[in-house]
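# Understanding the architecture of this molecule
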Amino acid sequence: DVVLTQSPATLSVTPGERISLSCRASESVGTYLHWYQQKPNESPRLLIKFASQSISGIPSRFSASGSGTDFTLSINGVEFEDLSVYYCQQGDSLPHTFGAGTKLELK
Amino acid sequence: EVQLVESGGGLVQPGASLKVSCVASGSTFSDYWMSWVRQTPGKTMEWIGDIKYDGSYTKYAPSLKNRFTISRDNAKNTLYLQMTNVRSEDTATYYCCRLNIGTILDYWGQGVMVTVSS
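Here's what I pulled together on the structure shown here.

## Section: the overall build of chain A
Secondary structure summary: chain A contains zero helices and eleven strands in total. The globule rule puts the C-alpha radius of gyration for 107 residues at 13 Å, and the 13 Å found for chain A is close to it. With the C-alpha coordinates aligned to their principal axes, the bounding extent of chain A is approximately 35 × 25 × 25 Å. Counting every position in chain A, which comprises 107 residues, the buried fraction comes to 49%. A separation of at least 24 residues holds for 55% of the contacts in chain A among residues at least 6 apart in sequence. Carbon and sulfur atoms provide 46% of the accessible area of chain A, an area that totals close to 4900 Å². Counting 8 positive and 10 negative side-chain charges, chain A places the centres of these two groups 6 Å from one another.

## Some words on the environment of Leu104(A)
Tracing the chain through its elements places Leu104(A) in strand 11 (residues 102-106). With near-sequence residues (within four places) excluded, Leu104(A) lies in contact with Leu11(A), Val13(A), Ile19(A), Leu21(A), Ile75(A), Asp82(A), Leu83(A), Ser84(A) and Tyr86(A).

## Re the packing of aromatic side chains
Residues and elements named next belong to chain A. Following the criterion strictly, the structure yields six aromatic pairs over all chains and no others. On the basis of an interplanar angle of 80° and a centroid distance of 5.6 Å, the ring pair of Tyr 32 and Phe 50 is categorised as edge-to-face. On the criterion of sequence distance, the pair formed by Tyr 32 in the loop between strand 3 (18-25) and strand 4 (33-38) and Phe 50 in the loop between strand 5 (45-49) and strand 6 (53-54) is long-range, its members being 18 residues apart. On the accessibility criterion, Tyr 32 (35% relative accessible area) is partly exposed. When the ring of Phe 62 is compared with that of Tyr 86, the centres are 6.3 Å apart and the planes differ by 40°; the resulting orientation is tilted. Separated by 24 residues along the polypeptide, Phe 62 in strand 7 (residues 62-67) and Tyr 86 in strand 9 (residues 85-90) bring together distant segments of the chain. The class of Phe 62 is buried, set by a relative accessible area of 5%. With relative accessibility at 0%, the residue Tyr 86 sits in the buried group.

Definitions and cut-offs
- Here the residue index of a chain counts from 1 through its sequence in written order.
- Lettering of chains starts at A and numbering of ligands starts at 1, both following the order in which they are written.
- A pLDDT threshold of at least 70 governs which residues receive local features in this predicted model, and a stricter bar of 80 or more applies before side-chain atom pairs are shown or counted, although totals over entire chains, interfaces and linings include all residues.
- Think of the side-chain values as coming from all heavy atoms in the structure, minus any hydrogens and water.
- Secondary structure follows DSSP: runs of H or I at least 4 residues long count as helices, runs of E at least 2 residues long count as strands, and numbering of each begins at the N terminus.
- The atom set for the radius of gyration is the C-alpha atoms, and the globule formula is 2.2 Å times the number of residues raised to the power 0.38.
- Each residue's exposure class comes from its accessible area (1.4 Å probe, protein chains only) as a fraction of the maximum for that residue type: buried when under 20%, exposed when over 50%, partly exposed otherwise.
- Contact criterion: two residues are considered in contact whenever any of their non-hydrogen atoms come within 4.5 Å of each other.
- Per-residue and other accessible areas follow the Shrake-Rupley method at a 1.4 Å probe size, with only the shown protein chains counted as cover for residues.
- Only four residue types enter the charge count: Lys and Arg as positive, Asp and Glu as negative, with His and the chain ends excluded.
- Positions of charges follow a simple convention, taking NZ of Lys, CZ of Arg, CG of Asp or CD of Glu.
- Only the six-membered ring of Trp is used, alongside the rings of Phe and Tyr, when aromatic pairs are assigned; centres must lie within 6.5 Å, and planes under 30 degrees apart are stacked while those over 60 apart are edge-to-face, with the rest tilted.

This is the structure we're talking about:
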């Protein structure tokens, strides 16, 4: 199984700062890597698809990059509403796997 | 807007069976593969399996394929997850998801909680 390692596990942030979250795969997943945001007490929602492609309705401050085994999700100017858990998921091979998540909390 | 609404969760005893459902609206249900994903109380996300748009093919996580069965009724816009011989480690929130090209889970239901306990 492809193991996705997300870091850090928790990130303390100040509104307005630019941050980056990491997702590393144990083997190449090409660009079959997607990002999800889960706000407290809500279902996950798709944030970024195929490593870097934006999703309609998602604020432009969210961006992502990477391919192969190293991926990054960036938020340019964190807002209070972004305090959530972020998961990466690979769809390159079965079983589809998720990372353990990175939790953004207020500093 | 696509909506997925799960139902059928609750408290179930170890070794019992349970079937949860998901009703879809807002898009043509029979055009899409569908998936089940679960999230443990510790927030770990686990893919359960997928079903083809016409129900003719399914894929499962190896650790679950002998106990879990995914099916669908396109006439009722409904997706099902049959769980048998449930264990305490099956305690989780179960999400129904629409599966799009490239294994993107582009829409998620609100989730249904299943608690396995005596």
